[in-house]
Each structure stands twice: as C-alpha cells, then as structure tokens.
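# A look at the structure
Chain by chain, the residues run as shown.
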Amino acid sequence: MTSKKSINVGIIGFGTVGAGTARILIENADIIERRMGLPVRLKTISDLDVKRDRGIKLGSTKLTTDAKEIINDPEIDVVVELIGGYKPAKEFILAAIANKKHVVTANKALLAVHGEEIYAAAEKNGVTVGYEASVAGGIPILKSLKEGLAANRIESIYGIVNGTCNYILTAMTNEGRAFGDVLKEAQAKGYAEADPTFDIEGIDSAHKLSILTMLAFGTPVKFEDVYTEGISKITPIDIEFAKDLGCKIKLLAITKMANGEVEARVHPTMIPESFPIATVDGVFNALFVKGDAVGNTLFYGRGAGDMPTGSAVVADIMDIGRDIVSGCVNRMPVASFRKRQQLKVRKMDDITSSYYLRFAAIDKPGVLSKISGVLGKNNISIESVIQKGRQAAEAVPLVMMSHEALERDVRKALAEIDTMDCVGGPTVVIRMEGNGKA
Ligand code: NDP
Ligand code: HSE
C-alpha cells in the first residue's frame, strides 16, 4: 500500500477534451476517491492560452503556458497529454516517461504512428501509458479487449469509429443532404478533427483501427499497412441504390484474422439495414466484436466530445491510481500482451468480399453482356443486377452485386471494363458485408 495522500495529475492541453477531463475530475471527485481509495489532485494545467475562460472552477489548480512545469514536477504522478498531433506531443510524452511519470493520452494519430516507441519507453521506465480515449471516445472498448475479452481469440471487429463520418452518412441517408453541407455542420459542432481530411478520408478511423488490431491480436501494426478509403466519393445515387437493396452505407473499420494473417481495412461498406451496426446513426460509434468463446458482442456510445472522451481519460487516470494505491505497476502490459507476435497484415489484393459495382454504362444493346463477360472471365460471379432509366448514347447507372470475389480479380476486371467504349467513366466500387442480405 502507498503512503501517498493523493494521485497528482497535470494536464497538457486545455481544449475540448482537456476541459472535459478537468470538469469530471472536479465534479466527480467524491466518487473517484471512493472508487480509487485516494483523491486525485489536479495540480497543474498547461495550455498556450491560459486567459480564456473554459467555464470550469479550477480552485487551487495552477495554470501555466509551459508544459515542462508539469513534465518536470517531481510531485506529479500522471501527465495527461491532450494537445493532439505529433509535435510536440511525442516529445512531451517521451520526456514525461523518462521522468518516470505515467502518461494518459487520447492521441490516436500519435499512437498509430509512434505507438511502439512510446510503449517500449514506458515498459523500459516502469511506467504505464493509458490510451482508452484514443478509440471510440467514451466506449470502454480497449479495456474490454484487454480485460473483459482476454480469454478469447478475437475473430473480428467491425467498428464505426469516426463520429464525423457517421454523422455525415446519416444525414445524407436520412435527409438527402449533400456531403459538403453536412461536413460544415459537423465541423461547427466540434466533431471533426482540426484537419477534417483525417475524418472524411478514413485516416482517423485507420489510426483507431491500428490500435484496435494491435490489442485484438497482440501484434504491432504499421499504420501504413492499414488500407484506408474515405467517404468523400460517396454520392446520393449510391445511397439511394443502397436503400433499394435494403442496405446502408457506413464507414467501417474492419479487422479480422484470416488464415494466420490479419486484415486491417477502413472503407465505406454496404451492410444490410437489419445488422445491429447499421442502426447506429449520427455521431455515435459502435463496435461489433466477435470472440471465439463469447460469440458476438456489441459496444455502443459516444465516440467524441468533451465529457465522453474525458470519461475515458479519467478512467485511465484511475487505473494508474489504483496501481499506485496497491503498490504495483504495469499489471497490464502497455500493449496488453506480455508475449507479442509479429503477424502479417494481409494485402488488400488478397482479401475477399462481395461487391457493389456501379458502372456508367452507355445504354446500347450488348453492354450488359460485355461487362458481365469481363467479370466472368475474372472469376467474378454476379448475384443481381439493377438498371434504372434509359438514355440512349448517355451513361446510365448499371448496378451489379457480386458474390464473394477476390479483390485482385475485381481490380483486374475493372481496369479492363473502365476502358471499354460502352462505359462512360470509372466504376464505383463499394464492398459489401453480409452480402447485402439480412
Ligand atoms: P483541442 O484543439 O480542443 O485542444 C488542444 C489544446 O491544446 C488547445 O487548447 C491548444 O491550444 C493546446 N495546445 C496546443 N499546443 C500546446 C502546447 N505546446 N502546450 C500546451 N497546450 C497546447 O483538441 P481536442 O481536445 O479536441 O483533442 C485533444 C486530443 O484528443 C487529440 O489528440 C484528439 O485527437 C483527441 N480526441 C479528441 C476527441 C474530441 O472529441 N475532441 C475525441 C477523442 C480523442 P490552442 O488552441 O491555442 O492551439
Ligand atoms: N474526429 C473524431 C470523430 C473525434 O469524428 O470521431 C473522435 O476521435
């Protein structure tokens, strides 16, 4: 047991999540102390701007513009990094670890790219790094993978882990609104990252997926090995076709084990409306996790925002506090597995899926047989076809749904089809899960 009177915390970054974290530490101080056994003392907060009113009564907490006052303070046990980005966040975290301080961060972009270096530094220095808030905000999915589901071989995870994209796709589906218009609204509401490209191009989801994959399978994952495709090319016409098929389009982060290799991919995915994850709308996140012992599990909640994300940050602080109270450290290895393995991430060419293919077909006799001929030649079997409207000599949408096919074969077939005279533009490809069937 410790002789300490409190767990002393410093927060670097008093923005959205920093303010939520401070509010929870202050407003829920009683329940936190009862659960942990010691109070948390929010000793110092650092931000570039210490004048702005964040609407929080800080009491004796010191405000400073110099993060080093936290990193080098011998009294501080836990340094909470909430500034985001790569620089100087990485330097701050590594300096705190070198000073034997525990770290809590919500910085998925940093962990996806430099996580291995940070985890190794923490293990070497006998401190921990908590990063629950880095994936799906307030949903305790990392803790569930590390602890609640620890007895399972994880088979697959299907996640809606970017609130901005889900918000945009939901508004496009339910209100028929245009992509750009809804994106502006998501930015105004504070859901989007500082650079919304990270959200809409799937990069933020891929950051989160690399962390999920690492924890699910106990393997380091290079961020560049995660296949990433965003939602910026999704058009109302595809959303309408999806509705006709009884499906919704969601940006899914998918990881699964396939013959000893790991699949890690982020892309718009057509799923049947009856799938539980298809009902997850707006800014909400959800993860559908399958383990060999537990079977299917579903996690749902807010993936962003000051209080939900602060909830995860404070839970990490409390885990560290509990370890300090009971005089142990790293009961849970920083990267979850005590013995890790290096698994290969499957190349996108080698995955199989069923596909929604929307051709810009010139509506002339024979076009259907020409396209299906190329698909057949490349081992792609068609399950159903939809054609709407007729405009001779102009491109009309011709939609085909394939059975399971190899991605390499699909790419090869489309490379040929997209150069044919009877096709008026590049084919739209959306992968399908559940083969579009309920
Ligand atoms: P904000 O931009 O709202 O807050 C970051 C704060 O850090 C700003 O006040 C910024 O000041 C300050 N800051 C920047 N550089 C320094 C520095 N060198 N020293 C001290 N303070 C500094 O970001 P969020 O709170 O939204 O995000 C923080 C982290 O949490 C990011 O990693 C993000 O990806 C992650 N996250 C965010 C979620 C959300 O819902 N917002 C959800 C899940 C994770 P200034 O504004 O003056 O630059
Ligand atoms: N921009 C992110 C999102 C914030 O929209 O989900 C939470 O990580």
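Before reading on, note that the structure itself is shown above.
Presented here is a report on the structure given in the accompanying data block.

## A few points about the site of ligand 1
In the neighbourhood of ligand 1, 23 residues make up the surrounding shell, with Thr16, Val17, Asp47, Gly84 and Gly305 lying closest. A distance of 2.9 Å separates an oxygen atom of ligand 1 from a polar backbone atom of threonine 16. Taking aspartate 47, its side chain carries an N or O atom lying 2.7 Å from an oxygen atom of ligand 1. Alone, ligand 1 offers 890 Å² of accessible surface; in the complex the protein occludes 76% of this. Of the residues contributing to the shell around ligand 1, the split by class is 11 nonpolar, eight polar and four charged.

## A short note on the sheet that holds strand β6 (residues 129-130)
Each strand in a sheet pairs with its neighbour through backbone hydrogen bonds, running either in the same direction (parallel) or in the opposite one (antiparallel). The six strands lie next to each other as β3-β2-β1-β4-β5-β6, forming an open sheet whose pairing is parallel. In the strand order of this sheet, the two ends are held by β3 (62-64) and β6, each with one partner. Relative to strand β2 (residues 40-46), strand β1 (residues 7-12) runs parallel, the two being bridged by six bridges. In the sheet register, valine 9 faces β2, and the bridge partner there is leucine 42. Of the strands in this sheet, β1, β4 (78-81), β5 (102-105) and β6 touch helix α4 (residues 89-98), which is tilted by about 155 degrees from β5.

## What about the nonpolar core?
Counting residues in hydrophobic clusters, the biggest one holds 81 residues, and the most contacted among them are Tyr131, Ile141 and Leu287. Tallying contributions element by element places helix α10 (residues 203-217) first for this core, with eight residues. Each residue touching tyrosine 131, except ones within four places of it in the same chain, is listed here: Thr105, Leu111, Tyr119, Leu142, Ile211, Met214, Leu215, Asp316, Val334 and Ala335.

## Considerations on helix α1 (residues 16-27)
The first and last C-alpha atoms of α1 sit 16 Å apart over 12 residues, in line with the 16 Å expected at 1.5 Å per residue. Three or more residues of α1 are buried, namely Gly18, Ala19, Gly20, Thr21, Ala22, Ile24 and Leu25. On the buried face of α1, the contacting elements are β1, α2 (29-36), β2 and α12 (306-325).

## Details of the site of ligand 2
Residues in contact with ligand 2 amount to 13 residues; listed here are only the nearest, Lys108, Gly163, Thr164, Asp199 and Lys208. Lysine 108 places a polar side-chain atom, nitrogen or oxygen, 2.5 Å from an oxygen atom of ligand 2. With respect to ligand 2, the side chain of threonine 164 contributes an N or O atom lying 2.6 Å from an oxygen atom. For ligand 2, whose unbound accessible area comes to 260 Å², protein coverage reaches 92%. Listed by contribution, the elements that provide at least two residues to the shell around ligand 2 are α7 (163-175) and α10. Across the shell around ligand 2, the residue classes tally to four nonpolar, four polar and five charged.

Reading the values: the criteria
Residues numbered from 1 in each chain as written. Chains lettered and ligands numbered in written order. Predicted model: local features only at pLDDT ≥ 70, side-chain atom pairs only at ≥ 80, totals over all residues. Heavy atoms only, no water. Near = heavy atom within 4 Å. Polar contact = N/O pair within 3.5 Å; in protein donor to acceptor, adjacent residues only side chain to side chain. Areas by Shrake-Rupley, 256 points an atom, 1.4 Å probe, with all protein chains shown as cover. Nonpolar A, V, L, I, M, F, W, Y, C, P; charged D, E, K, R; others polar. Pairing = 2+ DSSP bridges. Helix = DSSP H or I, 4+ residues; strand = E, 2+ residues; numbered from the N terminus. Contact = heavy atoms within 4.5 Å. Axes fitted to C-alpha atoms, helices over the stretch in contact; angles between N-to-C directions. Core = buried A, V, L, I, M, F, W, Y, C linked by side-chain atoms within 4.5 Å. Buried < 20%, exposed > 50% of the residue type's maximum accessible area, 1.4 Å probe, protein only. Expected span 1.5 Å × (residues − 1).

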